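One-letter residues, chain by chain:
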Amino acid sequence: MVMGDLVTEVDVAVLGGGPGGYSAAFRCAELGLETVVIDAGHRLGGACLFEGCIPSKALLHVAAVLGEAERAKEFGVGFGEARISGSAPMMPSGFAVGSDRIMDSTGALEVPEIPEHLLVVGGGYIGLELGQVYAALGSRVTVVEMMDGLLPGVDRDLVQPLARRCEKLFAAIHLGRKVSAVKDIGAAIEATIEGQAPQSFDRVLVAVGRRAVSDSLGLESTKAKVTDRAFVAIDEHCRTSDPHLYAVGDVTGEPMLAHRAMRQGKVAAECIAGRPSAFDNVAIPAVVFTDPEVAWCGVMEAQAGREIKIAKFSWAASGRAATIGRSDGLTKLVVEAASNRVIGVGIVGPGAGELIAEAALAIETAVTAEDLAVTIHAHPTLSESLMESAEGLLHRSSP
Ligand SMILES: Cc1cc2nc3c(=O)[nH]c(=O)nc-3n(C[C@H](O)[C@H](O)[C@H](O)COP(=O)(O)OP(=O)(O)OC[C@H]3O[C@@H](n4cnc5c(N)ncnc54)[C@H](O)[C@@H]3O)c2cc1C
């Protein structure tokens, strides 16, 4: 022990106070275990609270308010020109990637001024969410994505309405291209998009994914195993190969989402307390908080690997969508042909992130298309689109 170190005996030490860590710690304490949380940062809350979910959604809300004010003109309601006033949350300083004009998502959430021309590298959810924020605040936004579509890996029917919206909102979208060179030329960044002449941007946001931080934990002196992508390997009880060590959250792999981390944290705590608990959830909802929102859970069409039936309900037929002037949404059901069980749901449209909760419950509790179709949904609401799509599927298979 060196001066300043503190040795304390506790039942459970939780390393990291993000959503995974604090959920585990709360559950451990509830179960009567003496628990301590240790975090390398100065505050508890992790990436979610300070550089992820919460500040990005606060900024997206600002963007949504600006968008609604614009759309209100269609209903004959006008506002003066919007003024932007420093309400974005304070963030710890981001990582510099060669130049302070080049930001990661943390830096993008704390930029004090709005760049005139912003280059977003990466058309995944973080790039699109923050790209839309900056576009709403007045930046000309150029997005470059090396795959051939935005939101790679996400169901194409769901991506289409978002892609159409992004085409209107952004100055340019380059798909199937990479940014091959970046140079700080003082007053701007000169970036070369493959196949194009160099262009100047005031700032660049690099949003090409996240990596697990497993190298600072001292795991080399334990029996825990780390995968080739630096994820800590765990079983369904969130136990590592070292019997005294459990791991949850982003450090254990994809999907890197706060709500997965929270559920895993509770499972780990219960297993530590000797309870029969497992991370055996079949549906982990994913939400892209863009306009329109994109949300899905369970098994989507491309991953089904078995005989399935698909139902799509266009929001052009939704009364509620008409009342809010947003008929561009879609609700899509994936149903297992043999059992008629709903195994996947995708929704694109305003409020999709809220609507997906019903779908997660439906999948988790093995609901059939009939169950969904005969459940009374309030009218006029967007939730009717789940019932309508199930009805459509049933009427199609048995007239
Ligand atoms: C811009 C952005 C937007 C996002 N939006 C969403 C969203 O809308 N919805 C969603 O579900 N997810 C979102 N995420 C992802 C979400 O933030 C993460 O999935 C979530 O924070 C993971 O929680 P965690 O507890 O595993 O890790 P973290 O939140 O990263 O917490 C880890 C904690 O461990 C600490 N730590 C690290 N190393 C050590 C060490 N050696 N010793 C002690 N402490 C240590 C860190 O300081 C940190 O506090 C977003 C992420 C970003 C970047």
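Structural data are supplied above this passage.
Residues numbered from 1 in each chain as written. Predicted model: local features only at pLDDT ≥ 70, side-chain atom pairs only at ≥ 80, totals over all residues. Heavy atoms only, no water.

Another point: the sheet that holds strand β10 (residues 203–206). To summarise the sheet geometry, strands pair through backbone hydrogen bonds and adopt either a parallel or an antiparallel arrangement. An order of β3-β10-β4-β5-β6 is seen for the five strands of this open sheet, with the pairing classed as parallel. A single partner strand is all that each edge strand has here, and the edge strands are β3 (102–103) and β6 (172–175). Sheet topology note: the strand β4 (residues 117–121)/strand β5 (residues 140–145) ladder contains five bridges and is parallel. Of the residues in β5, the one forming a bridge with L119 is T142. (Pairing = 2+ DSSP bridges. Helix = DSSP H or I, 4+ residues; strand = E, 2+ residues; numbered from the N terminus.)

For the rest of this paragraph, the subject is the sheet that holds strand β11 (residues 286–288). Across the sheet, which stays open at both edges, the five strands sit in the order β11-β12-β15-β14-β13 with antiparallel pairing between neighbours. Looking along the sheet, the strands with just one partner apiece sit at the ends: β11 and β13 (308–314). When strand polarity is set aside, the average angle formed by the axes of neighbouring strands in this sheet is 10°. Sheet analysis places β11 next to strand β12 (residues 294–298), joined by three bridges and oriented antiparallel. When the sheet's bridge partners are listed, A286 is paired in β12 with W296. Against the sheet, helix α6 (residues 156–169) contacts β12, β13, β14 (330–336) and β15 (342–348), and its axis sits at roughly 5° relative to β15. (Axes fitted to C-alpha atoms, helices over the stretch in contact; angles between N-to-C directions. Contact = heavy atoms within 4.5 Å.)

Right, let's get into the environment of P255. Note that P255 resides in the loop between β10 and α7 (258–272). Considered as a pair, P255 and V282 are 27 residues apart in the sequence and their alpha carbons are 13 Å apart. Those residues in contact with P255 that lie beyond four places of it in its chain are R260 and I284.

On to the pattern of salt bridges, then. One pass over the full model with this rule turns up 14 salt bridges. E301 serves as the salt-bridge partner of K332, at 2.6 Å between the closest nitrogen and oxygen. In this pair, K332 is assigned in strand β14 and E301 in the loop between β12 and β13, connecting sequence segments 31 residues apart. Within this structure, D155, D157, E301, K312 and K332 form a network of salt bridges that share partners. (Salt bridge = Lys/Arg side-chain N within 4 Å of Asp/Glu carboxyl O.)

A cis amide bond links D291 with the next residue in sequence, P292, at an omega value of -5°. Tracing the backbone shows P292 in the loop between β11 and β12. A cis amide bond links H379 to the next residue, P380, at an omega of -5°. Here L151, not a glycine, exhibits a phi torsion of approximately 45°, which is positive.

This paragraph deals with the site of the ligand. Looking at the ligand, there are 32 residues lining it, with D39, A47, K57, D250 and A258 nearest. One of the backbone N or O atoms of P19 is found 3.3 Å from an oxygen atom in the ligand. C48 places a polar main-chain atom, nitrogen or oxygen, 3.2 Å from an oxygen atom of the ligand. Contact with the protein chains removes 85% of the 1000 Å² of surface that the ligand exposes when unbound. Elements that contribute at least two residues to the shell around the ligand include exactly α1 (19–30), α2 (46–51), α3 (53–71), α5 (125–137) and α7. Classifying every residue of the shell around the ligand gives 14 nonpolar, 13 polar and five charged. (Near = heavy atom within 4 Å. Polar contact = N/O pair within 3.5 Å; in protein donor to acceptor, adjacent residues only side chain to side chain. Areas by Shrake-Rupley, 256 points an atom, 1.4 Å probe, with all protein chains shown as cover. Nonpolar A, V, L, I, M, F, W, Y, C, P; charged D, E, K, R; others polar.)

As a further point, take α6. The terminal C-alpha atoms of α6, which comprises 14 residues, lie 19 Å apart, in line with the 20 Å expected from a rise of 1.5 Å per residue. Contacts made by the buried residues of α6 are with α5, β6, β12 and β15. The backbone nitrogen of D157 lies 2.9 Å from a side-chain oxygen of the residue at the head of α6, namely D155. (Expected span 1.5 Å × (residues − 1).)

Our next topic: the nonpolar core. Among soluble globular proteins, nonpolar side chains are generally buried collectively. With 35 residues, the main nonpolar core has V141, L151, L205 and V294 as its most contacted residues. For this core, the secondary structure elements donating two or more residues are α3, β4, α5, β5, α6, β14 and β15. No other element matches α5, which puts six residues into this core. Once residues lying within four places of it in the same chain are set aside, the contact partners of V141 are L118, V120, G131, Y134, A135, F170, A171 and A172. Counting residues in hydrophobic clusters, the runner-up holds 27 residues, among them A283, W315, L382 and L394. (Core = buried A, V, L, I, M, F, W, Y, C linked by side-chain atoms within 4.5 Å. Buried < 20%, exposed > 50% of the residue type's maximum accessible area, 1.4 Å probe, protein only.)

Relative orientation of the contacting elements α5 and α6 amounts to 35°, with a least axis distance of 11 Å. Two packed elements cross with a definite hand, and for α5 against α6 that hand is left-handed. Where α5 approaches α6, its residues L128, Q132 and A135 are matched on the opposing element by L162, R165, C166 and L169. Its residues assigned to classes, the contact of α5 with α6 comprises five nonpolar, one polar and one charged. (Left-handed = near helix turned anticlockwise from the far one by under 90°.)

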